[in-house]
Every structure is written in C-alpha cells, then in structure tokens.
Amino acid sequence: MTHGRAPGAPGAGDAARRALRGLVMAATVRIHRPDAGYALDEPATFLGSGYFVAPSWVLTCAHVACGGEGGEVVVVYEPAPGRGMSAVSGHVAAALPEGAGSVPGNWPAPDLALVRLSEPVDHECVYLSERPAAYFGEGKVLYAGWTVVDGRLRMLDGTLTVQGTIGGWNADVQMRLGDNDLPDGVSGGPVIDPERGEVIGVLKSRSDHARGGTSTGLEQLRTLPVPAGELTTEPDDLYQAVVHAHDRYHRDRQRHPDARRHTWADVQGRLGSRPGQTLSPDERVQLLGRLADLPPPASTRSLLDLLDSLQDFEAPAPLPAPRGWRDGLGALYEYARDDGALYLVLDYAVHAMTADRPFLAPSTPAAEEALWAGIWQAAQRLGPGRRSALVERRMARMTARRPAPGPVGGPRGAPAGGPERSAAGQSSVLVEIVRRGWEPDRCDWSVFVVRSDGEAKRLKEVQRVPLADLPTHLSAPLKEAFRQCDTPGRPAVLQVATEHSLLALDVDEWRLGPEDERLGTQRPVVLRCSDRDQLTENGENSGYGANSGYGENSGYGAYPGYGAYGGNGEGGGIGRSRGTEAGGGQPAAAQDADHRLDIDEERRARWRWLHAHPVTAAVLDCDDGLRKPVPPVEELRGLSHGTVPVLCRFDARVGEGDAEGLARLVRGGFGVALWRRGYGLPETVCGEFHRGTLDQIAGPAGAHRLPEAVRDLRHRLRSGRPETFWAHGIALLYDDPHQPLPGAGDLLEAP
C-alpha cells in the first residue's frame, strides 16, 4: 500500500481508474488553426492537444497555441460523452516564455500557454495538483492527447514511466518520461498522477532517439508575469484569476445538489487519496474553494512570510515560489507530521483568512466568515488546546490587520493601507558580481533575497560566467527573486554589488526576456561598491581606516528611498569650484576635523545627513563641456555633507581614469553618487545633463527619493519624452553603510 492511501475493495481500484480516465478524456481538447471552419476533423488544421483547467480556459504548450495566426485558435472538444464534437474560438492570453519564437524541433521551456475562449461553453475541467511536480518522484503517470491515426484524428491515452528530470530549479526543469510512444499531436495534453488522481503537468516534447519524451510541471504557471500595478480586482492577475476559477469550479461541482456525474473529488476518494495526509478529497476542494473566494495574497513575499510564520512548518519553499493560496497549501503537504498535519493546515487557513488584502470585494467579509466556519468545523477533530489556539490566533490577527482598500469601484492604484503607505519594510534583491582576477572576462555571481530584517537568503550562485553573458545567466534566478520580493505597485529594488571597476555595467539596460521591459524602467536599480575596504587598504588616504564593518545594520531592504527618513533642514553644496568650503548647513566645518574623522563614521554621517536634509548636485568632472579629473580624496572629503557628486564624462572604455574617479568618490566617503555612461553621446547633451541632474537632485525631500526618481527618468526616456533624453545612460550609486553586504567582515565563508 502506498503511503497516504487507503485500501479499497477488490476491483474498486480498477473502477476508480476507469472513472479517472473518463474525467481526463472529457477535458482533453484539440487545438486547430483558425481556418478550421466547419471541418472539425480535418488533420491539416490540427496543431496539437490541450485541456480545460478552468471555465473558459485551456492550458496547452506554447508551441501548439502559437501555431495559429495572430494568437487566434479554434478549440475542439466534446461537451459530454456521446454528444459529438463542438468548436469554439479562442485567443492566446499568455505564453511562457514570453516573446519566444519557434525553433525547429524545439521550443524554450517551460513552453506553456493559456488560451481564453471567446464565449462561454459547457465543458469539464481537470483537477490541477497544488503540489509541485518535483515532489512526484518515481513511478508511472498517465497521459492523454490527440493524434492522427490512419488519416483520422483520434484520442490517445496511456502510461509513461518517470525517469528523472532535465534542468535545475528554474523554469527549464522538465520531467523525463519513457517506456511508451508519444506520437505527433499529443503535445499539450495532460500528465496525470494515477495514485492521487490529479493532473501534474503538460506533455511538452517527444524524444527523437527513444520512446517517451518530456513534460512541464504545472508549478511553472507561477512564472506568469506579475502585474506591475496595484491589484484592484482578481482579473488583474491572470494567474490568480485562472487558479481561483479552477478551485471554485471544483468546489461548486462537488456541492452541486443535482450533480449526477462523478466529480474529481469523488474519484480521488475512491483511489484512497489523502491530501496532506489529513484531508479527504472533499475537504480539500471545499477548503480550496473557500480560499479562492478571498482576494489573492497581497504578494508572493507576503505569502512566503505567512508560511514562515507557521509554528509547525519548517521547510524551504518550493521553486518557483508559491504565489496563490493553493500553492501555499501544497507546500505544507510534504512536511506535515502525522500528529500535527490537520492543525498545520487549519492554522494556515486562519492566516489566509486574516491576511492583509490587496483589495476588498463586496463578498470578501462573507467569504472570510464562511472560511472560518469550515475551519471551526474541521477543528473539532483537534484537542481543546489547539482549538483555543486557533481562536486566539484569529482574534489577534484580525485586530492587527491593516485596513484594506474598499470594495471594487473606487479609484485604481491606491495601495493597500492607503496612498501614503510606506514600503520601508519591503524586501530587496541583491546581485553580487565578482570578477575573476586571473580571468578578467569572467566572473562569479550570486543572487540573494534580502528581507527587511536584514536576513539574506542566497537563491543561486554560479562561477566562471562570461561577463558578456550575465543577462542570460541571471534571467531565471532574478525573475524568481523578484517574484518573492515584489508587492503590488512596488517592484523591489535591485541592488547590484560589484567592485569599482565593474560599476560601469549597464544592468539597468538588461532585459530578462525578449519582450520584457528593461530592468531600469521596471524597477529601481542601484549600484553598490563591494571592494571599498580593499580600496581603503590600497589607497592613498591613510585616514580611511581598516575597519571592514559597514556599521550598524538598520535593516536590509528598509530602503530610505521609501520613506524611512524624513524631515527638512539646510543642505550644503558647492558651485563649479572644487573648493573645500563646507557650504551652508555643513555640520563639520573645519577641514582638519574632517581629516581626523574615521572615514566609516564620516560615511555614515554623510548618509544620515543626505536623508534628513535637502541635497545639492555637484558636477565634478566637467567644466562647461570640458573634461577635468575628479578631485583628490582629501578635497572630496571637504565637500558639504549635503552634496551628491555627479560625473558627466564617465566612460569606462577610455581607460583606468574614469574607474579611478569612481574609486575616489567611494574612498571619499560618498554612498550616493550619480553619473552617466557617455558612450559617444553628442557634446550638446552635456549642458542638458548638468541642468537635468541639478533639477532632479536638488530639493527639500532628501536623497531617499533618488532610486525611484531615477527609475521614473528612465521610464519617461523610454516613452520618448524629449525633455528626458539627457538622462540616457544614467546610473546611481546608492550604497547604505548601515546595510552590510552578506558576509561582510567574515574571514572565511563555507563553500
């Protein structure tokens, strides 16, 4: 007997498997080109297979769906056994990866597409597993699809053996399947776990050299684009809209009083399935249906934090990270202990019921009450202590919950908690790039998710990557990190930490996919200098000190640019001169005293001043269009604490001089600086750059607004606004000395 299954009467298993096969085949469809017309059985227009995953939604392979014209296809299906085939037009609403084109014989993973029907029709839907396919392990799976047999289109189904995976943790992972033939046309069909009676993937390809092929796990749908703006309704997020519709469909089918056909939960019960070792299939669909009545999680980050807060749950989150309520429930299954599985599931449901909302629908209060009623009913199987704990948890979280925006119908774009809500506690993404000294054209890199409490979690690290190939290699881990950190309307800051000689990397120009926005217009991208301590040791300024610590940790990701600092006051600045006057409002006027300051203390003092007082831009390397060297370190230290240095003539391609100019700024104690990568821009742009930076930087708000201000500049530039053309190639050093990089000050680091 397989763990988690109950024995059945002789022959009951065979009947259940036949019923499962019927449900699968009822939901499996054919995809045709839009010129199919009334010739529904014409093989010439046949593109491949697919299956209904929610009312009016078909899941298939991207290479199948995109074989139509302009994203238009025809879906051919059978409404009910014996009723004959019907057709309905559809449109490709999303394809993964975005912007991929067909490669002969192949299509990039994950090769998934969602087709939205043009009109409502009556059809069956499969049950989608909430468990990642990576948890399936070894054994046999079922499959179904359409193919051409003797010149006619016929349904085909069978079994395949799981033989391992292809790829790693990212979107390229696929399940290897063998021991059966996969003819043309079955791509896009469902892959089914026969023990639990649930669909776990999509047939992707067949092997050219052996029997079998590959499939893509359903969890890859979590990589669908996250909306850039605030969620105001469920349809704003395609992923949430589809999976919520799926869960409500199965809940409604299960409790429909006139239902005469077997449901997926019925068949799963006959197979002996026990989701999470504690729920019956009926209990599961009821719970998921009630969760789907709620607004979705406010963000992936909020869902991960919710899972982390569960007292009886200690396990790494699966990748791609959970994104919806059903994903979080599936993450609990593999780690639930027999004696605490039910309590863990119910505790999770209480957290979901009392979570912060991205929006409120008119039905949300009633949905919360219905979910609590279901939780309390199931809690009668627990002891009195745990029942009381659930009640107390519900009351405490309801009391502490932030007010959500009102019911749909108000203005779009207001963040949960009000328009002035600060994102000071938002997580950020950090990329560390280390050039290999003996291979200067290659580097090692790491991607971290940095929580607002300062904890940095490494997602991925790779060695010996060509510098020129960094965007390609970083695409998948960065997308995963952004999913974990972004919140609606507030994309997480991307911090890029590298040595001073690589600060010219144009990370803000990178695209993570052919159709993706440039990173610099998508989110704030800031640079940090990772070798400033080495510059200290090798530099000319003996007052720089050998202190490797960054000072106090005020919370990684609590970016001052999002309101952690405030207040007004007098700022200082310099004119076109390189003099050492402190300027108005400079707190430490005497140059001799500046020299005696420990440079790390001075750096922290500059940072605090910049974020609490007005700031002034000072162009240091250009005088009326003529290049001049960046002032020496001692002269830079004499600048006002309210000064943001600006480099107009920076061009890393001309030699070591410009990189050395940046190094002087770092050695001089500046954590905020602005420059543009010249790259042959016409000289006439120079004056506009001076004026533009002065206008953008100078002001009463302080430096905390600069990461978002630079992103806004890049966005307007890409929108074709001539008044922002001066900002082409703009880059921002924003290196908070209170936020140490992971491992800062460590003598040794485990491999």
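Cut-off values and rules
- Per chain, residue numbering runs from 1 following the sequence as it is written.
- Where totals are concerned, whole chains, interfaces and linings use all residues; where local detail is concerned, this predicted model gives features only for residues with pLDDT of at least 70, and gives and counts side-chain atom pairs only at 80 or more.
- The basis for every side-chain value is the complete set of non-hydrogen atoms in the structure, without hydrogens or water.
- Helix numbers and strand numbers start at the N terminus; a helix is a DSSP run of H or I with at least 4 residues, a strand a run of E with at least 2.
- Here the term buried applies to any residue with accessible area under 20% of the maximum for its type, exposed to any over 50%, and partly exposed to those in between, with areas from a 1.4 Å probe on protein chains only.
- For the area figures, the Shrake-Rupley method with a 1.4 Å probe applies, and any residue is considered shielded solely by the protein chains shown.
- Salt bridges are defined as contacts in which a side-chain nitrogen from Lys or Arg sits within 4 Å of a carboxyl oxygen from Asp or Glu.
- pLDDT gives the predictor's per-residue confidence on a scale running from 0 to 100.
- The contact criterion used is simple: two residues touch if any of their non-hydrogen atoms lie within 4.5 Å.
- Within the patch definition used here, like charges are joined within 9 Å and nonpolar side chains (Val, Leu, Ile, Met, Phe, Trp, Tyr) within 5 Å, considering only residues with over 30% relative accessible area and no salt bridge.
- For two strands to count as paired, DSSP must find a minimum of two bridges between them.
- What counts as an axis is a line fitted to C-alpha atoms, over the stretch in contact for a helix, and the angles between N-to-C directions run from 0 to 180 degrees.
- Each nonpolar core is a collection of buried residues, namely Ala, Val, Leu, Ile, Met, Phe, Trp, Tyr and Cys, held together in the definition by side-chain atoms within 4.5 Å.
- Of all possible arcs, the one meant is that of the directions from the helix axis to the C-beta atoms.
- The distinction between a cavity and a pocket rests on a 1 Å grid over the protein atoms alone: a 1.4 Å probe fits inside a cavity but cannot get out, while a pocket stays open yet meets protein on both sides within 12 Å along at least five of seven lines, and a residue with an atom within 4 Å of a point counts as lining.
- Grid points are joined across faces, edges and corners, and a volume is the space filled by probe spheres set on the points.
- Think of it as three bins: nonpolar holds Ala, Val, Leu, Ile, Met, Phe, Trp, Tyr, Cys and Pro, charged holds Asp, Glu, Lys and Arg, and polar takes everything else, Gly as well.

### Here's the deal with the overall build of the chain
Phase 1 of the analysis: Helix and strand counts for the chain come out as 19 helices and 23 strands.
Phase 2 of the analysis: With 751 residues in all, the chain has 55% of them scored as buried.
Phase 3 of the analysis: Just so you have it, the chain exposes about 30900 Å², and 51% of that area is on carbon and sulfur atoms.

### Overview of the pattern of salt bridges
Phase 1 of the analysis: In the structure shown here, the tally under the stated rule is 43 salt bridges.
Phase 2 of the analysis: A salt bridge links Arg606 to Glu602, with the nearest nitrogen and oxygen atoms 3.7 Å apart. Highlighted residues: Arg606 and Glu602, both in helix H15 (residues 599-610), separated by 4 residues, approximately one helical turn. Here Arg606 and Glu602 have matching classes, each one buried.
Phase 3 of the analysis: For Glu660, the salt bridge goes to Arg664, with nearest N and O atoms at 3.7 Å. Here Arg664 and Glu660 lie together in helix H17 (residues 656-667), a separation of 4 residues that amounts to about one turn.
Phase 4 of the analysis: Look at Glu660 and you get partly exposed, because its relative accessible area is 28%.
Phase 5 of the analysis: Through salt bridges with shared partners, a single network forms among Arg301, Asp305, Asp308 and Arg451.

### Points about the confidence of the model for the chain
Phase 1 of the analysis: When the pLDDT values of the chain are averaged, the result is 80; 78% of them are 70 or greater.
Phase 2 of the analysis: Within the model, pLDDT remains below 50 along residues 745-751, and this stretch shows 2 contacts once partners closer than five positions in the same chain are excluded.

### Comments concerning a nonpolar patch on the surface
Phase 1 of the analysis: Together, Trp376, Val391 and Met395 line one region of the surface with nonpolar side chains, adding up to about 260 Å² of accessible area.
Phase 2 of the analysis: Checked against the element boundaries, Met395 lands in helix H10 (residues 384-400).

### Observations concerning the sheet that holds strand S2 (residues 46-54)
Phase 1 of the analysis: Within the closed barrel, the 6 strands sit side by side as S1-S2-S3-S6-S5-S4. Their pairing is antiparallel. For this sheet the average axis-to-axis angle between neighbouring strands, irrespective of direction, equals 40 degrees.
Phase 2 of the analysis: Examined bridge by bridge, strand S1 (residues 28-32) and strand S4 (residues 72-77) share 3 bridges and lie antiparallel to one another. The residue of S4 that forms the bridge with His32 is Val74.

### Description of the nonpolar core
Phase 1 of the analysis: Formed by 89 residues in total, the largest nonpolar core has its most connected members in Tyr51, Val53, Val75, Leu291, Trp325, Leu332 and Tyr348.
Phase 2 of the analysis: Here this core gets 10 residues from one element, more than from any other, and that element is helix H8 (residues 341-353).
Phase 3 of the analysis: In terms of nonpolar packing, the next biggest core, distinct from the first, is built from 47 residues, Val465, Val525, Cys529 and Leu733 among them.

### Digging into the environment of His715
Phase 1 of the analysis: Inspection of the secondary structure puts His715 in helix H19 (residues 706-718).
Phase 2 of the analysis: A residue is classified by how much of its surface remains accessible, and His715, at 39% relative accessible area, is partly exposed.
Phase 3 of the analysis: Put simply, His715 and Glu517 are 198 residues apart on the chain and 9.6 Å apart in space, counted from C-alpha to C-alpha.
Phase 4 of the analysis: Leaving out residues up to four positions away in the same chain, His715 has contacts with Glu517 and Thr521.

### Re the environment of Val74
Phase 1 of the analysis: Locating Val74 in the fold gives a position in strand S4.
Phase 2 of the analysis: Taking the relative accessible area as the measure of exposure, Val74 reaches 10% and is therefore buried.
Phase 3 of the analysis: Considering only alpha carbons, one finds Val74 and Ser118, 44 residues apart in sequence, at a separation of 9.7 Å.
Phase 4 of the analysis: Not counting the four nearest positions on each side in its chain, Val74 is found in contact with Arg30, Ile31, His32, Arg33, Pro34, Ala87, Val88 and Ser89.

### Here's the deal with the pairing of strand S21 (residues 643-647)
Phase 1 of the analysis: Burial within S21 is extensive, with 5 of its 5 residues counted as buried.
Phase 2 of the analysis: Burial along S21 is two-sided: the residues Thr643, Pro645 and Leu647 and Val644 and Val646 are all buried.
Phase 3 of the analysis: With 4 bridges joining them, strand S18 (residues 616-619) and S21 adopt parallel strand pairing. Each bridged residue has a counterpart across the sheet, and for Ala618 the counterpart in S21 is Pro645.

### Concerning helix H4 (residues 264-271)
Phase 1 of the analysis: Among all positions of H4, only Trp264, Ala265, Val267, Gln268 and Leu271 are buried. Each buried residue of H4 sits inside an arc of 160 degrees when the element is viewed along its axis, so together they form one side.
Phase 2 of the analysis: Following H4 by one or two positions, Gly272 has its phi on the positive side, about 85 degrees.

### Comments concerning the pairing of S1
Phase 1 of the analysis: S1 sits mainly inside the fold: 5 of its 5 residues count as buried.
Phase 2 of the analysis: Here S1 shows no split at all, with Thr28, Arg30 and His32 on one side and Val29 and Ile31 on the other all buried.
Phase 3 of the analysis: Pairing analysis gives 5 bridges linking S1 to S2, with the strands arranged antiparallel. Considered in S2, the bridge of His32 is made with Phe46.

### Some points on empty space enclosed by the protein
Phase 1 of the analysis: Applying the stated criterion across every chain yields a total of 7 cavities of 30 Å³ or more.
Phase 2 of the analysis: One number sums up the size of the largest cavity: a volume of about 120 Å³.
Phase 3 of the analysis: Elements with a contribution of two residues or more to the lining of the largest cavity: helix H3 (238-255) and helix H7 (325-333).
Phase 4 of the analysis: Along the lines of polarity and charge, the residues of the lining of the largest cavity split into 6 nonpolar, 1 polar and 6 charged.

### Digging into unusual backbone geometry
Phase 1 of the analysis: For the bond running from Leu96 to Pro97, omega is -5 degrees, close enough to zero to count as cis.
Phase 2 of the analysis: With respect to the helices, strands and loops of the structure, Pro97 is situated in the loop between strand S5 (86-96) and strand S6 (112-117).
Phase 3 of the analysis: A cis amide bond links Ala109 with the next residue in sequence, Pro110, at an omega value of 5 degrees.
Phase 4 of the analysis: Considering the arrangement of structural elements, one finds Pro110 in the loop between S5 and S6.
Phase 5 of the analysis: Even without being a glycine, Asp111 presents a positive backbone phi close to 55 degrees.
Phase 6 of the analysis: Summarising the element assignment, Asp111 is placed in the loop between S5 and S6.
Phase 7 of the analysis: With relative accessibility at 0%, the residue Asp111 sits in the buried group.

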